[in-house]
Amino acid sequence: LVYSNGVLQSGNGTIRSEALSLEGQKFERFEIKANVEEPGMVAGSAAIVLDPNAKIDGHFAWDLEKGLYRGKIDGIADQGLEGKLGNLLRGRPASQLFPGKTKLSWSGQGNLKDGTRKGSLALDAEGIHLAEGTEPLALKMSGRYSSDSASFPGFRITSRPLQLHGSIEWENSRLFLRELR
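Residues numbered from 1 in each chain as written. Predicted model: local features only at pLDDT ≥ 70, side-chain atom pairs only at ≥ 80, totals over all residues. Heavy atoms only, no water.

**Some thoughts on the overall build of the chain**
Piece 1. When helices and strands are tallied, the chain shows one helix and 15 strands.
Piece 2. Taking 2.2 N^0.38 as the reference for a compact globule, 181 residues should give roughly 16 Å; the C-alpha atoms of the chain span a radius of gyration of 20 Å, well beyond that estimate.
Piece 3. On the principal axes, the C-alpha backbone points of the chain span a range of 60 × 50 × 20 Å.
Piece 4. At a minimum sequence separation of 6, the contacts of the chain that also span at least 24 residues come to 31%.
Piece 5. Accessible area of the chain: about 11,800 Å², with a carbon and sulfur share of 55%.
Piece 6. Across the chain, the mean location of the 23 positive side-chain charges is 2 Å away from that of the 22 negative side-chain charges. (Helix = DSSP H or I, 4+ residues; strand = E, 2+ residues; numbered from the N terminus. Rg over C-alpha atoms; globule rule 2.2 N^0.38 Å. Contact = heavy atoms within 4.5 Å. Areas by Shrake-Rupley, 256 points an atom, 1.4 Å probe, with all protein chains shown as cover. Lys, Arg positive; Asp, Glu negative; His and termini not counted. Charge placed at Lys NZ, Arg CZ, Asp CG, Glu CD.)

Here is the structure:
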């Protein structure tokens, strides 16, 4: 990396492992890259894959001087299958803290200096336990957000005794639950 006159000028870096493992569970892919595309502008990507049911992929760009950013992250974590994540968590108290299966997709952009932001978020989680011995919940939501509002029209919480559907909206510092059924 070359840093001069208070600005990151050029360079790149990669963290990669062909042999990284946790308690004998080898990652199929582990790679994090960053590159100074032009002075003060860093872009990068990450691919962390334990197996097809436990992975995170993403990319980002960040203008260090202006505070502007943009990025995208997609991930899945499924401990219910006979996969590596399930093997790592099986029998541990921490496994109760995590949903059985989670899919996440986020993309967004913003300005860290003035706080403006916008983007989209989709979350699908199954097997959420709020406390030991409770019925598992499933949560599904998708929508868009900005600096001063959010709209998640595809909001759903379900469990054996509960079916709640509707939309969640945030506007003028107020939370609205709409069309609940």
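**Re the side chain of D78**
Piece 1. Within the element layout of this structure, D78 appears in strand β9 (residues 68-78).
Piece 2. One buried charged residue, D78, forms no salt bridge at all, with the nearest opposite charge on K101 at 4.2 Å.
Piece 3. If we skip the residues at most four places from it in the chain, D78 touches N53, L85, G86, G100 and K101. (Buried < 20%, exposed > 50% of the residue type's maximum accessible area, 1.4 Å probe, protein only. Salt bridge = Lys/Arg side-chain N within 4 Å of Asp/Glu carboxyl O.)

**Describing the packing of aromatic side chains**
Piece 1. Under the criterion given, the structure shown has one aromatic pair.
Piece 2. For the ring pair F27 and F30, a centre distance of 5.8 Å and an interplane angle of 80° mean the geometry is edge-to-face.
Piece 3. A residue is classified by how much of its surface remains accessible, and F30, at 17% relative accessible area, is buried.
Piece 4. Geometry around F176 places R178 over its ring, the cationic atom sitting 4.4 Å from the centre. (Phe/Tyr/Trp six-rings, centres within 6.5 Å; stacked < 30°, edge-to-face > 60°. Lys NZ or Arg CZ within 6 Å of the ring centre and 35° of its normal.)

**Regarding unusual backbone geometry**
Excluding glycine, residues mostly carry a negative phi; peptide bonds, for their part, are mostly trans.
Piece 1. Although it is not a glycine, E23 sits at a positive phi angle of roughly 45°.
Piece 2. Relative to the assigned elements, E23 resides in the loop between β4 (21-22) and β5 (25-26).

**Re the nonpolar core**
Piece 1. By size, the foremost hydrophobic cluster in this structure holds 11 residues: A125, I128, L137, L139, M141, Y145, A150, F152, F155, I157 and I168.
Piece 2. Among the secondary structure elements, those contributing two or more residues to this core are β11 (117-128), β12 (137-146) and β13 (149-158).
Piece 3. Beyond its immediate stretch of four places on either side in the chain, A125 contacts P99, K101, T102, L137, A138 and L139.
Piece 4. One finds F27, L50, L85 and L88 within the second-largest nonpolar core, a separate group that totals seven residues. (Core = buried A, V, L, I, M, F, W, Y, C linked by side-chain atoms within 4.5 Å.)

**Let's talk about the pairing of β11**
Piece 1. Strand direction decides the pairing type here: strand β10 (residues 101-111) and β11, joined by 10 bridges, are antiparallel. Bridge pairing in β11 links Q109 to K118.
Piece 2. The antiparallel hairpin formed by β10 and β11 contains five residues in its connecting segment, where G115 sits at a positive phi of about 80°.
Piece 3. Bridge count for β11 against β12 is 10 bridges, and the pairing is antiparallel. The residue of β12 that forms the bridge with E126 is A138. (Pairing = 2+ DSSP bridges.)

**Focus on the environment of H165**
Piece 1. Here H165 lies in strand β14 (residues 163-171).
Piece 2. Sequence-distant contacts of H165, defined by excluding residues within four places in its chain, comprise F155, R156, E179, L180 and R181.
Piece 3. Polar contacts involving the side chain of H165 include one to the side chain of R156, which spans 2.7 Å. (Polar contact = N/O pair within 3.5 Å; in protein donor to acceptor, adjacent residues only side chain to side chain.)

**As for the pattern of salt bridges**
If the charged atoms of two oppositely charged side chains come close together, the side chains can form a pair.
Piece 1. With the rule as written, the count across this model stands at eight salt bridges.
Piece 2. Across the pair R16 and E31 runs a salt bridge whose closest N-O atoms are separated by 2.5 Å. Note that R16 is positioned in strand β3 (residues 12-16) and E31 in strand β6 (residues 29-38), a separation of 15 residues in sequence.
Piece 3. Classification of R16 by relative accessible area gives partly exposed; the value is 49%.
Piece 4. Among the residues examined, E31 registers a relative accessible area of 11% and is labelled buried.
Piece 5. Linking R92 and E23 is a salt bridge whose minimum nitrogen-to-oxygen distance equals 2.4 Å. Of this pair, R92 sits in the loop between α1 (84-89) and β10 while E23 sits in the loop between β4 and β5, and the two are 69 residues apart along the sequence.
Piece 6. Overall, the relative accessible area of 36% leaves R92 in the partly exposed class.
Piece 7. For E23, a relative accessible area of 59% gives the class exposed.
Piece 8. Members of the salt-bridge network, linked through shared partners, are R16, R29, E31 and K33.

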